[in-house]
Amino acid sequence: NIEISTDKKENVLSVPTRAVLTADGKKIVRTLNADNQLTEIEVKTGLRGSDGQIEILEGLTENQTVVTYVKQ
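Quick caveat, the model's predicted, so the values are computed rather than measured.

### Some details on the sheet that holds strand 6 (residues 53–58)
Next up, step 1: Strands sit in the order 1-6-5 across an open sheet of three strands; the sheet is antiparallel. Of all strands in the sheet, those with a lone pairing partner are strand 1 (14–16) and strand 5 (44–48), marking the two edges. On average, each strand axis in the sheet is tilted by 40 degrees relative to the strand beside it, whichever way the strands run.
Next up, step 2: Inspection of the sheet shows strand 5 paired to strand 6 by three bridges, in the antiparallel sense. Across the sheet, K44 pairs through a bridge with E58, a residue of strand 6.

If you want it as structure tokens, here you go:
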């Protein structure tokens, strides 16, 4: 196994890749608001890491609760 690094950034906001969904051609992330209700937020993504994380350039702020799974 080898790993090839093409770019590297530090101190970025990232979430698990599985948290980023596509709806109507837009990338969204589900978060919990103050009332514990699901909210969909459009995001702009950046680099995707080999560790299962993806960089969030716009749409989220630090300390927001991101939902990666919703039980149906």
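### Brief notes about the pattern of salt bridges
Next up, step 1: Within this structure, the stated rule accounts for one salt bridge.
Next up, step 2: Where R30 meets E40, a salt bridge forms, and the shortest distance between an N and an O atom there is 3.6 Å. One end of the pair, R30, is in strand 3 (residues 26–32); the other, E40, is in strand 4 (residues 38–42), with 10 residues separating them in the sequence.

Procedures and definitions
Residues numbered from 1 in each chain as written. Predicted model: local features only at pLDDT ≥ 70, side-chain atom pairs only at ≥ 80, totals over all residues. Heavy atoms only, no water. Pairing = 2+ DSSP bridges. Helix = DSSP H or I, 4+ residues; strand = E, 2+ residues; numbered from the N terminus. Axes fitted to C-alpha atoms, helices over the stretch in contact; angles between N-to-C directions. Salt bridge = Lys/Arg side-chain N within 4 Å of Asp/Glu carboxyl O.

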